[in-house]
Every structure is written in structure tokens, then in C-alpha cells.
Amino acid sequence: MTGRAPIRVLVVEDDPVAADAHALYVERVPGFTVAGTVHSGSAARRHLDRDPVDLLLLDLYLPDGHGLGLLRSLRAAGRTADVIAVTSARDLELVREGVSLGVVQYVLKPFAFATLRDRLVRYADFRASAGEASGQEEVDRALSALRAPQPAALPKGLSGPTLEAVTVALRASGGTGLTAQAAGEAVGISRITARRYLEHLVDAQRVERRPQYGQVGRPELCYRWLGAR
């Protein structure tokens with residue numbers, strides 16, 4: 001992105017803590033800069049009236065309406081900024097509607113910096129495509145920049161369904177988290193096996209590990225899903 005003006009991003013997120021975190025993530029990606037952070041649809045409209053941006057990092061659940069409703073009104077007003085939706089919504093009907101309104105990427109909460117960085121870099125590559133395509137292959141190449149990579153293979157000995165079960169148990173525990181023993185009991189696997197899955201989630205930056213005190217003997221390690229508020 002050398003020699004290009006930075007891509008200006010407006011973060012639209014109702015949770016101030018999450019908004020600050022997302023803004024910090026954006027600033028860490030070369031070629032991007034945060035033009036502002038707002039916490040509602042009305043604040044986003046006011047910001048765009050005085051300072052148009054290139055890209056919205058848009059939460060879909062805002063205190064004064066749905067993010068797609070905001071996007072619909074922006075399109076009606078002639079605002080053409082692209083959108084990366086940052087949301088916990090998993091409704092594919094919403095995904096399809098968002099695509100029709102100009103949502104170029106979806107990032108499901110909670111996510112690690114690497115996930116957002118990948119989407120931003122891909123968006124920048126797509127945006128950098130310019131000029132007239134020589135043929136279908138070049139058009140396909142430009143569009144492929146927006147496609148997310150296939151998920152990495154799990155480490156040997158770990159299975160997708162068990163990882164999903166451990167993830168569900170962790171998310172259900174809220175902010176308290178689970179020990180490896182508790183996770184194993186919830187899923188129906190041994191404590192040692194549960195710890196392997198939990199440590200994999202720590203390595204993937206989806207889970208934090210911390211000692212749990214207050215019991216006799218050595219403290220146990222407690223694992224907490226980073227998306228829990």
C-alpha cells in the first residue's frame with residue numbers, strides 16, 4: 001500500500017470497550033486509519049455527513065436500530081462506503097441481505113486480531129484492483145481477494161465436533177470460565193483431552209487462561225471464552 005492514501009475506517013459499535021478494541025486492531029494494520037468511533041446509527045450518520053469514509057466496520061445490533069437498516073438509509077442518501085459487518089448474528093438471511101447492500105465481509109464475534117487483519121488486507125487488495133480487466137480470469141482474481149481462506153487443519157488428534165462441543169461449553173459458562181476438569185465433564189471427555197482442546201483455543205487467541213485460587217493446594221487453571229462479557 002506504499003504511496004496510497006490510507007483507507008479511512010469508521011468503527012460503528014455500541015459497546016465502547018469493543019469499539020476501542022476494534023479501533024486499535026484497525027490501526028495496527030498498515031494502510032488503514034480510524035477516522036472515528038461511534039456507538040449508534042444516528043452518530044454514524046452525523047459523522048458521515050461531515051466526514052465521509054471509505055469503509056464502515058459495522059456492528060449489526062445498535063441501540064437505535066439494526067445495522068442493515070442504517071446501511072439501507074445510507075445507500076438511499078448516496079453513501080457508497082463499503083462495509084465489513086462485525087457481529088454475533090449467524091442468520092444467513094441477514095448475510096444475503098447484507099451482501100445486496102454492499103457488505104463485503106462478515107466477521108463473527110468474538111474474533112482475534114488476526115481474523116480482522118486478514119479481512120482488512122483482503123479488502124485492501126480488492127480495492128487496489130484498478131483499470132480494465134483483460135478477461136474473466138482477471139475479474140475472478142480481483143473478486144477472489146475478498147474470499148476468506150479455508151480454515152486451517154486442526155492439530156493431529158483433535159476433532160472438529162469435539163472442539164465445537166468444548167467451545168459451546170465454554171461460551172455457556174459466561175465470564176466465569178471452566179477448568180479442564182469441568183470442561184471434560186461437560187463434554188464427556190477426560191480432563192487431559194479437554195486441556196488439549198482448551199490449550200488449542202488459547203493458542204488461537206479465542207480463550208484466555210488464568211489461575212483459579214481459593215482452594216487447598218495448587219491453583220487450577222481456568223479457561224474463559226474471550227467473547228464473554
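Residues numbered from 1 in each chain as written. Predicted model: local features only at pLDDT ≥ 70, side-chain atom pairs only at ≥ 80, totals over all residues. Heavy atoms only, no water.

Turning our eyes to something else, we now look at the overall build of the chain. When its secondary structure is counted, the chain shows nine helices and 10 strands. For the chain, buried positions account for 38% of its 229 residues. Taking as baseline every contact in the chain between residues at least 6 positions apart, the subset at least 24 positions apart corresponds to 60%. A total of about 12,600 Å² of accessible surface is found on the chain, and carbon and sulfur atoms cover 53% of it. (Helix = DSSP H or I, 4+ residues; strand = E, 2+ residues; numbered from the N terminus. Buried < 20%, exposed > 50% of the residue type's maximum accessible area, 1.4 Å probe, protein only. Contact = heavy atoms within 4.5 Å. Areas by Shrake-Rupley, 256 points an atom, 1.4 Å probe, with all protein chains shown as cover.)

With that settled, the discussion passes to the nonpolar core. In this structure, Leu-10, Val-12, Leu-56, Leu-58, Leu-68, Leu-70 and Val-103 are the most contacted members of the largest nonpolar core, which totals 23 residues. Elements represented by at least two residues in this core include exactly β1 (7-12), α2 (41-50), β3 (55-58), α3 (67-76), β6 (82-87) and β7 (103-108). With four residues, the single largest contributor to this core is α3. Apart from residues no more than four positions distant in its own chain, Leu-58 is found in contact with Val-12, Gly-67, Leu-70, Val-83, Ile-84, Ala-85 and Val-86. (Core = buried A, V, L, I, M, F, W, Y, C linked by side-chain atoms within 4.5 Å.)

Here the focus is the pattern of salt bridges. The tally for this structure, following the rule as stated, stands at 11 salt bridges. One salt bridge in this structure joins Asp-118 and Arg-122, with 3.2 Å as the shortest N-O distance. Of the two residues, Asp-118 and Arg-122 both sit in helix α5 (residues 113-128), four residues apart, roughly one turn of that helix. The salt bridge partner of Glu-208 is Arg-210, with a shortest N-O separation of 3.1 Å. A residue is classified by how much of its surface remains accessible, and Glu-208, at 27% relative accessible area, is partly exposed. Sharing partners across several salt bridges, the network here consists of Glu-13, Asp-59 and Lys-109. (Salt bridge = Lys/Arg side-chain N within 4 Å of Asp/Glu carboxyl O.)

The subject of this paragraph is helix α7 (residues 160-172). For an α-helix, the turn length of 3.6 residues means that residues three or four places apart are oriented alike. The terminal C-alpha atoms of α7, which comprises 13 residues, lie 18 Å apart, in line with the 18 Å expected from a rise of 1.5 Å per residue. Taken residue by residue, α7 has Leu-163, Val-166, Thr-167, Ala-169 and Leu-170 as its buried positions. Down the axis, α7 shows its buried residues gathered within 165° of arc, on one side only. What points out from α7, more than 90 degrees from its buried face, is the exposed set Pro-161 and Ala-172. Looking at the buried side of α7, the elements it contacts are β8 (178-179), α8 (180-187), α9 (191-203), β9 (207-212) and β10 (220-225). Two residues or fewer after α7 comes Gly-174, characterised by a positive phi angle close to 65°. (Expected span 1.5 Å × (residues − 1). Arc of directions from axis to C-beta.)

This brings us to the sheet that holds β10. In spatial order, the strands read β8-β10-β9; together these three strands make up an open sheet with antiparallel pairing. Only two strands of the sheet have a single neighbouring strand rather than two, namely β8 and β9. In this structure, β8 lies alongside β10, joined through two bridges in antiparallel fashion. Residue pairing in the sheet places Thr-179 in a bridge with Cys-222 of β10. Sheet strands in contact with α9 are β8, β9 and β10, and its direction is about 55° off that of β10. (Pairing = 2+ DSSP bridges. Axes fitted to C-alpha atoms, helices over the stretch in contact; angles between N-to-C directions.)

The N-to-C vectors of α7 and α9 enclose an angle of 75°; their axes lie 10 Å apart at closest approach. Relative to α9, the element α7 lies roughly perpendicular. Together, Thr-162, Leu-163, Val-166, Thr-167 and Leu-170 of α7 and Tyr-197, Leu-198, His-200 and Leu-201 of α9 make up the contact between the two elements. Residue classes in the contact of α7 with α9 are distributed as six nonpolar, three polar and no charged. (Parallel < 35°, antiparallel > 145°, perpendicular 65-115°, else oblique. Nonpolar A, V, L, I, M, F, W, Y, C, P; charged D, E, K, R; others polar.)

What follows deals with the packing of aromatic side chains. What the rule picks out here adds up to one aromatic pair. A centroid spacing of 5.4 Å and a plane angle of 55° characterise the contact between Tyr-25 and Phe-113, whose relative ring orientation is tilted. Taken together, the residues Tyr-25 in helix α1 (residues 16-27) and Phe-113 in helix α5 connect sequence positions 88 residues apart. Above the face of the Phe-113 ring, Arg-28 is positioned so that its terminal group lies 3.8 Å from the ring centre. (Phe/Tyr/Trp six-rings, centres within 6.5 Å; stacked < 30°, edge-to-face > 60°. Lys NZ or Arg CZ within 6 Å of the ring centre and 35° of its normal.)

Here five strands make up an open sheet; going across it, the order is β2-β1-β3-β6-β7 and the pairing parallel. Looking at strand neighbours, the two that pair on one side only are β2 (32-38) and β7, the edges of this open sheet. Averaged over all pairs of adjacent strands, the angle between their axes in this sheet comes to 20°, without regard to strand direction. With four bridges connecting them, β3 and β6 associate as parallel partners. Paired with Leu-58 across the two strands is Ala-85, which belongs to β6.

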